[in-house]
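Tertiary structure, described
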Amino acid sequence: MNTICAMVQTSTGMSVKAISKALSRVTADIWVYGNRDKLQQIYGRPVLEQPTPKELVSVLAMYCQALENGSHAKSILSLSPVS
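Let us look at the structure shown here. (Residues numbered from 1 in each chain as written. Predicted model: local features only at pLDDT ≥ 70, side-chain atom pairs only at ≥ 80, totals over all residues. Heavy atoms only, no water.)

Describing the pattern of salt bridges
Enumeration over the complete set of coordinates arrives at 1 salt bridge. The salt bridge involving glutamate 55 is made with arginine 45; its shortest N-O contact spans 3.2 Å. With glutamate 55 in helix 4 (residues 53-68) and arginine 45 in the loop between helix 3 (36-43) and helix 4, the pair connects residues that are 10 residues apart, well separated along the chain. With a relative accessible area of 12%, glutamate 55 lands in the buried category. (Salt bridge = Lys/Arg side-chain N within 4 Å of Asp/Glu carboxyl O. Helix = DSSP H or I, 4+ residues; strand = E, 2+ residues; numbered from the N terminus. Buried < 20%, exposed > 50% of the residue type's maximum accessible area, 1.4 Å probe, protein only.)

So, the packing of helix 3 against helix 4
Two elements in contact, helix 3 and helix 4, have axes whose closest approach is 9 Å; the angle formed by their N-to-C orientations is 70°. When the axes of helix 3 and helix 4 are compared, the pair comes out roughly perpendicular. At the point where helix 3 passes helix 4, the crossing takes the left-handed sense. In this structure, helix 3 uses Lys38, Leu39, Gln41, Ile42 and Tyr43 to contact helix 4, whose residues at the interface are Glu55, Leu56, Val59, Leu60 and Tyr63. (Axes fitted to C-alpha atoms, helices over the stretch in contact; angles between N-to-C directions. Parallel < 35°, antiparallel > 145°, perpendicular 65-115°, else oblique. Left-handed = near helix turned anticlockwise from the far one by under 90°. Contact = heavy atoms within 4.5 Å.)

Focus: the nonpolar core
For soluble globular proteins, nonpolar side chains are generally found buried alongside one another. Judged by nonpolar contacts, Trp31, Leu39, Ile42, Tyr43, Val47, Leu56, Val59, Met62 and Tyr63 together constitute the single largest core of 9 residues. Breaking this core down by element, the ones donating at least two residues are helix 3 and helix 4. Element by element, the count of residues in this core is highest for helix 4, at 4 residues. (Core = buried A, V, L, I, M, F, W, Y, C linked by side-chain atoms within 4.5 Å.)

Describing the packing of aromatic side chains
Any pair of aromatic rings gets described here by the distance separating the centres and the angle formed by the planes. Overall, the coordinates contain 0 aromatic pairs when judged by the stated rule. Sitting over the ring of tryptophan 31, arginine 36 keeps its end group 3.6 Å from the ring centre. (Phe/Tyr/Trp six-rings, centres within 6.5 Å; stacked < 30°, edge-to-face > 60°. Lys NZ or Arg CZ within 6 Å of the ring centre and 35° of its normal.)

Listed below in structure tokens is the structure:
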């Protein structure tokens, strides 16, 4: 997360605290207003509790990387240590 915050800070000029707060906010918004079926598809399993910002970013990054590589994202995420 430190690397992500540093990259965002470099490109936006936002403070690390503001970036962290924005990631927390977007995670809560996805949980409350997002498509739970899609979220479960991305995770490759039922998602019963709101993920942490770190977990969500990690899973989304792995999912996007799997899609870019043409891999089956679900099989890659099932091997993930993120729970």
